[in-house]
Amino acid sequence: MNYEEIYKSKLMTAEEAVKTHIKSGDKLLLGGLNVADKVLSQVVENVKDGSLQNISLYGNFSNYDIGLADEGIPEGQLRYYAFFYGVQERLGAKNGTVIHVPLHLNQMERYMSQIGLDVAIIPMTPPDEQGYCNIGPAGYATAGINHSKKIIAQINKHIPHVYGSSHDYHVSEIAAFVEYHNDAVVPPSPPSSETDEKIASYILERIPDGACIQLGIGGTSNAVGYGLKDKKHLGVHSEMFTDSMAYLQGLGVIDNSQKTYMPGRSVAGFAFNTEASNKFIDKNPKVFFEPYHVVNNIQSIASNDNMVSINTSLSIDLTGQVCSESIGMRQYSGSGGQVDYIRGATLSKGGKSFIAVSSVANTKNGPVSKICLSLAPGSIVTTLRAEVMYIVTEYGCVNLQFCDVPTRAKRLISIAHPDFRDELTFEAKKNGLLY
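If you're wondering where the values come from, they're calculated on a predicted model, not measured in any experiment.

1. Comments concerning the packing of aromatic side chains
Thought 1: Here the structure, examined in full by the defined rule, presents eleven aromatic pairs.
Thought 2: Between Phe61 and Phe272, the aromatic rings sit 5.8 Å apart at their centres with planes inclined by 65°, giving edge-to-face as the arrangement. Separated by 211 residues along the polypeptide, Phe61 in strand β2 (residues 55-62) and Phe272 in the loop between β13 (266-270) and α10 (275-281) bring together distant segments of the chain.
Thought 3: In this structure Phe272 comes out as buried when scored by relative accessible area, which is 14%.
Thought 4: Relative to Tyr390, the ring of Phe354 lies with its centre 4.8 Å away and its plane at 15°, an arrangement referred to as stacked. One end of the pair, Phe354, is in strand β20 (residues 352-356); the other, Tyr390, is in strand β24 (residues 390-393), and 36 residues separate them in sequence. The two residues Phe354 and Tyr390 agree in class, both being buried.
Thought 5: What links up through ring pairs into an aromatic cluster is the set Phe61, Phe84, Tyr140, Phe270, Phe272 and Tyr292.

Set out below in structure tokens:
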């Protein structure tokens, strides 16, 4: 049969695909972001009605509601092991459906190889003229697909077709196709705040022409990204390909001409499903997507000279311990690639890593300093104090690399909100951090 005949022979409804290819006790790859919501919602429904039992999902940060927080899910019959939380994961965690797996993303390949996945349920493009479906900008999915016994592809014509080392799968490799052409996109990020812009200004002045950049999620990263428009010959090696990177590459600011690892093209792990990103990366050979065990590999990151890593945090103690993923005991996001890129940038020739954080959190009990004597009980230390370099707030930028503890405390207090500096100084002296 030619590829069209193979495709048609495996085309079925979501209900048929789940009934035919998924059984009780199976371990399923969910992937992340724009997940195969039609098929996965059917899996959840089958768990609810008892036709499927003891189902395990593996993935991260799903954009679509597939019913994880549904109170009708029988206790203990559906577990979603998530290594990075978004809104849906946080909702599912409340009823015990979602549990967290601590994981640096460079470990993805080894993690997936140990699970014993039965079925990967992944969105893909319709097959091309050679019969290959493309997973789009989803580098987090490739390791799981390659370690799954079967693939169910939810076909969506609106997924951008990207260049990548592990992103094309022939129709003969796929067990079932379910067509569901969801054209919903993630809205663009809101404008950066005045605080974001101020923090970004301290970072921008420390980024040289020819730097290779990595940006995370959030207003500060967006402010840095769009603020780079006056730089020259930038490169990209980043877990996430952002709208600001698409903008800069369109302007020619990003030309990847001075990269020392995979020069000539931007290298990334994933992109959000925004209209701007999708339009830019679709069939664009100048943007190349790699699985996480490649793009988050510390040695690969470090192979780029002048590597600049920019990430954010929730709180930092006076010794430099960084909490970026929990609010006390409550898991909020995940370690993701923050540590991978901090380590890689630190090892890079001329490299720099930045952790950006606004100085205060506005809580129901009033403002609280995000630079604190010690992290709140239960807080997860994402980045070790021995690995941080630059810490930035709207009040300045300090370098903690190789500093002793009293120097760290002094420098961090100097960029805390002025209303908290005296209290922090008093507590630091009282607890022996300052002399």
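2. Details of helix α8 (residues 219-227)
Thought 1: The complete set of buried residues in α8 reads Thr220, Ser221, Asn222, Ala223, Val224 and Gly225.
Thought 2: Against the buried residues of α8 lie α7 (194-204), β11 (212-215), α9 (243-251), β15 (307-312) and β20.

3. Considerations on the nonpolar core
Thought 1: Ranked by internal contacts, the top residues of the largest apolar core, which has 44 residues, are Met108, Tyr111, Met112, Met124 and Ile145.
Thought 2: The greatest single-element share of this core, amounting to four residues, is contributed by helix α5 (residues 108-115).
Thought 3: Residues Ile199, Ala200, Ile281 and Met389 belong to the second largest nonpolar core, which totals 34 residues.

4. A word on the pairing of strand β21 (residues 360-363)
Thought 1: As judged from the four bridges shared by β21 and strand β22 (residues 366-369), these two strands associate in the antiparallel manner. Pairing of Ala361 across the sheet is with Val368, part of β22.
Thought 2: Where β21 folds back onto β22 in an antiparallel hairpin, the turn is made up of two residues.

5. So, the packing of helix α2 (residues 14-21) against helix α3 (residues 37-48)
Thought 1: It is at 9 Å that the axes of α2 and α3 come closest, and there the two elements cross at 60°. Regarding the angle of α2 to α3, the classification is oblique. Two packed elements cross with a definite hand, and for α2 against α3 that hand is right-handed. Together, Ala14, Glu15 and Val18 of α2 and Lys38, Val39, Gln42, Val43 and Asn46 of α3 make up the contact between the two elements.
Thought 2: Of the residues belonging to the contact of α2 with α3, the class tally is four nonpolar, two polar and two charged.

6. Considerations on the pattern of salt bridges
Thought 1: Under the criterion given, the structure shown has six salt bridges.
Thought 2: In this structure, Lys149 and Asp118 form a salt bridge, with 3.1 Å as the shortest nitrogen-oxygen distance. Placement of Lys149 in the loop between α6 (142-146) and β7 (150-155) and of Asp118 in the loop between α5 and β5 (119-124) is noted, with a sequence separation of 31 residues between them.
Thought 3: Overall, the relative accessible area of 64% leaves Lys149 in the exposed class.
Thought 4: We classify Asp118 as buried; its relative accessible area is 11%.
Thought 5: Arg343 serves as the salt-bridge partner of Glu387, at 2.5 Å between the closest nitrogen and oxygen. With Glu387 in the loop between β23 (371-372) and β24 and Arg343 in helix α13 (residues 338-347), this residue pair connects regions lying 44 residues apart in the sequence.
Thought 6: Judged by relative accessible area, which is 19%, Glu387 ranks as buried.

7. Quick look at the layout of surface pockets
Thought 1: Of the pockets and cavities examined, the second largest pocket occupies roughly 640 Å³.
Thought 2: Of all the secondary-structure elements, those providing two or more residues to the lining of the second largest pocket are β1 (27-33), β5 and α10.
Thought 3: Per-element accounting of the lining of the second largest pocket gives the leading share, four residues, to β1.
Thought 4: The residue makeup of the lining of the second largest pocket, split by class, is 20 nonpolar, 13 polar and nine charged.

8. Notes on the sheet that holds β5
Thought 1: If you walk across this open sheet you meet the seven strands as β4-β3-β2-β1-β5-β7-β10, and the pairing is parallel. In the strand order of this sheet, the two ends are held by β4 (98-100) and β10 (176-179), each with one partner. If you compare each strand with its neighbour and ignore which way they point, the axes differ by 25° on average.
Thought 2: Direction of pairing for β5 relative to β7: parallel, over a ladder of six bridges. Residue pairing for β7: Ala120 is matched across the bridge by Ile151.
Thought 3: Packing against the sheet, α3 makes contact with β1, β2, β3 (78-82), β5, β7 and β10, and its axis sits at approximately 120° to β7.

Rules of the game
Residues numbered from 1 in each chain as written. Predicted model: local features only at pLDDT ≥ 70, side-chain atom pairs only at ≥ 80, totals over all residues. Heavy atoms only, no water. Phe/Tyr/Trp six-rings, centres within 6.5 Å; stacked < 30°, edge-to-face > 60°. Helix = DSSP H or I, 4+ residues; strand = E, 2+ residues; numbered from the N terminus. Buried < 20%, exposed > 50% of the residue type's maximum accessible area, 1.4 Å probe, protein only. Contact = heavy atoms within 4.5 Å. Core = buried A, V, L, I, M, F, W, Y, C linked by side-chain atoms within 4.5 Å. Pairing = 2+ DSSP bridges. Axes fitted to C-alpha atoms, helices over the stretch in contact; angles between N-to-C directions. Parallel < 35°, antiparallel > 145°, perpendicular 65-115°, else oblique. Left-handed = near helix turned anticlockwise from the far one by under 90°. Nonpolar A, V, L, I, M, F, W, Y, C, P; charged D, E, K, R; others polar. Salt bridge = Lys/Arg side-chain N within 4 Å of Asp/Glu carboxyl O. 1 Å grid on protein atoms, 1.4 Å probe; cavity = no way out; pocket = protein on both sides within 12 Å on 5 of 7 lines; lining within 4 Å. Points joined across faces, edges and corners; volume = space filled by probe spheres on them.

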